[in-house]
Structure formats: C-alpha cells, structure tokens
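Results of the structural survey
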Amino acid sequence: MKSTNRTPVIAANWKMHKTIEEAVCFVKGLIPLILNVPVKVYVAPPYTALHSSAVAARNSPVVIGGQNMNDENEGAFTGEISANMLKDAGAEFVILGHSERRHLFNETNDFIRRKVKKALSKKLQPLLCIGETKQEREEEKTEQILKQQLEESLGDISPEEMETIILAYEPVWAIGTGSPALPKEVQVIHHFCRQLVRQKWGADTAEKVIIQYGGSVHPQDVKELMELPDVDGVLVGGASLTLDLFNQIIHYSR
Ligand code: PEP
C-alpha cells in the first residue's frame, strides 16, 4: 500500500480521434463505470467534441479538458484556441507541452510557460507533460532535460499554483510504441521530479503535486506503475480510445 494523501488522476488523451457522436457515446458509457472509483478520471477529447462531451459529463465524475491552447486571449491566430474558449466549451483542465506539440509543432519551453501562466490565470488546470527523447536518454541527458523542461515551462509560479498543476512524465521513446518504461526507471524519474519540485516550491507542495506516468500504458502494466510510491496516475493515449481498455486501466486495483 502507498502512504500518500494524493488522489490519483487517470487521464485520457484522445489526440485527433473520435467524432462528436463517438465521444459522447464514450463519455455516457464511462460515467456509470466510475461512480465509486478512488481515482479522478479526466478525458481530453478533440476540440470539436469538447462541448458535447462536457455536456454529457455534466454532474458526473468525468472531468473534461482540452489537448492544447494558445497563450493569447484572442486575435489573428488562425487555427488556435484560447483558454476562454476552452472554458466556454466546458473544459476544466488543459494538456500543455505534450511531446507531439513539442516535437511535431516545435513548441518551446518559453511558449509552454506562457500557456501555463495563462491557464492558471483563467482557472484552467494545467496538465504539463515533460519527457526526454530516445537520443537524449541514450546520451544520459534525461535528468538535465527534465530539469530544464520543468524549470523553463513553469517559471516563477507560486507554490499554491504549483499544487494545482498535474505533471506527466512521458518519455518520448515510450509514447505509442507499445512498450512502457520499466517501473523501476519510472520510480527513479518520478522521485527526481518530486525532488525538483521540493527544491523550488517546498516540501508541502512536493507532497501534494500529482505526477502521472504516460507512454504506452495498457491494462497489463498499470497496476505495477500505480503502486510505485511517486506515481499518482497515468496519462493514456492509445488505450484510452476503447472504453473497455480505459475502464480496465481505471479499475487497475481489481
Ligand atoms: C500520450 O500521447 O500522451 C500517450 C501516453 O500515448 P500512448 O498511451 O498511446 O503511448
């Protein structure tokens, strides 16, 4: 048993998948399955299905969020979406700094930091992803990269703000590969991240902050990961697209 007061968060990142109808059907199917679980359940649908998913999730334990956002309130930014728009559509959290945004769309730590600040100012909970690439891992730069991403993406936020943030350690080399990182390695990295939080924001904040693992999480791996002392949840891509698999992940302790 883990000795922590942190309530784990299990989150689905649907990326560019699901129509409105598919998203609503999933959310409606998920609600009765999770009424008594000891974890929080978050779902990030594509923008087009955000509002209808939020309506379907109203008065239920399912928390709906966005997959990204811009740091500006409004303006000539074709294709972008603001914090206000996400909130208006019913989002309560937002994934920021996902490795696909960092690597496919060249998002920098500086840009991500501005988004984190904006999300906090709009009371949208940031779910900040950090993680090293395969090459960085092979060059033994994992800790250096994570420290840099964490410090530069969070900047000078207060301990109170830091406590509301969810961190997701997502090694880029594990995402979408079918092979998650080894639990032993995950614990070492999560402990390292919590130490970084402790050094900058203090012991109380470090004890409260949620640190998820993400990268090819499937039902067969989740129990071992969730039992690690510094793992407070998982961020799930591929396996969150199927209700049965996502439900098995949420009920990992059964
Ligand atoms: C992700 O992209 O956040 C992710 C964890 O994906 P997958 O579970 O498919 O590796």
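Description of the structure in this document.

The rules we used
Residues numbered from 1 in each chain as written. Predicted model: local features only at pLDDT ≥ 70, side-chain atom pairs only at ≥ 80, totals over all residues. Heavy atoms only, no water. Phe/Tyr/Trp six-rings, centres within 6.5 Å; stacked < 30°, edge-to-face > 60°. Helix = DSSP H or I, 4+ residues; strand = E, 2+ residues; numbered from the N terminus. Buried < 20%, exposed > 50% of the residue type's maximum accessible area, 1.4 Å probe, protein only. Near = heavy atom within 4 Å. Polar contact = N/O pair within 3.5 Å; in protein donor to acceptor, adjacent residues only side chain to side chain. Nonpolar A, V, L, I, M, F, W, Y, C, P; charged D, E, K, R; others polar. Expected span 1.5 Å × (residues − 1). Pairing = 2+ DSSP bridges. Right-handed = clockwise from strand over helix to strand, strands pointing away.

1. Some words on the packing of aromatic side chains
Under the counting rule described, the total for this entry stands at four aromatic pairs. When the ring of Phe 26 is compared with that of Phe 246, the centres are 6.3 Å apart and the planes differ by 45°; the resulting orientation is tilted. Of this pair, Phe 26 sits in helix 1 (residues 20-30) while Phe 246 sits in helix 12 (residues 243-250), and the two are 220 residues apart along the sequence. Ring geometry for Tyr 42 and Phe 93: centres 4.7 Å apart, planes at 40°, overall tilted. You can see Tyr 42 sitting in strand 2 (residues 40-44) and its partner Phe 93 sitting in strand 4 (residues 93-96), a full 51 residues away along the chain. For the pair shown, Tyr 42 and Phe 93 are each scored as buried.

2. Here we look at the site of the ligand
Around the ligand, 14 residues are found, and the nearest of them are Lys 15, His 98, Gly 176, Ser 216 and Gly 237. Between the ligand and Gly 238 there is a distance of 2.8 Å, counted from an oxygen atom to a backbone nitrogen or oxygen. Here the residues of the shell around the ligand sort into three nonpolar, eight polar and three charged.

3. Quick word on helix 7 (residues 142-154)
Over its 13 residues, helix 7 runs 18 Å from end to end, which matches the ideal 18 Å to within 8%, given 1.5 Å per residue. Looking one or two places after helix 7, you find Gly 155, whose phi comes out positive at around 60°.

4. Let's talk about the pairing of strand 7 (residues 210-214)
Across the five residues of strand 7, five count as buried, placing the element largely inside the fold. Of the two faces of strand 7, the one holding Ile 210, Gln 212 and Gly 214 and the one holding Ile 211 and Tyr 213 are both buried throughout. As defined by bridge partners, strand 6 (residues 166-169) adjoins strand 7 across four bridges and the pair is classed as parallel. By the bridge assignment for strand 7, Tyr 169 is matched with Tyr 213. As judged from the two bridges shared by strand 7 and strand 8 (residues 233-236), these two strands associate in the parallel manner.

5. Description of the pairing of strand 8
A two-sided burial pattern is seen for strand 8, the buried positions comprising Gly 233 and Leu 235 on one face and Val 234 and Val 236 on the other. Bridge count between strand 1 (residues 9-13) and strand 8: four bridges; the pairing is parallel. Considered in strand 8, the bridge of Ile 10 is made with Val 234. This β-α-β element, strand 7 to helix 11 (residues 219-226) to strand 8, shows right-handed connectivity.

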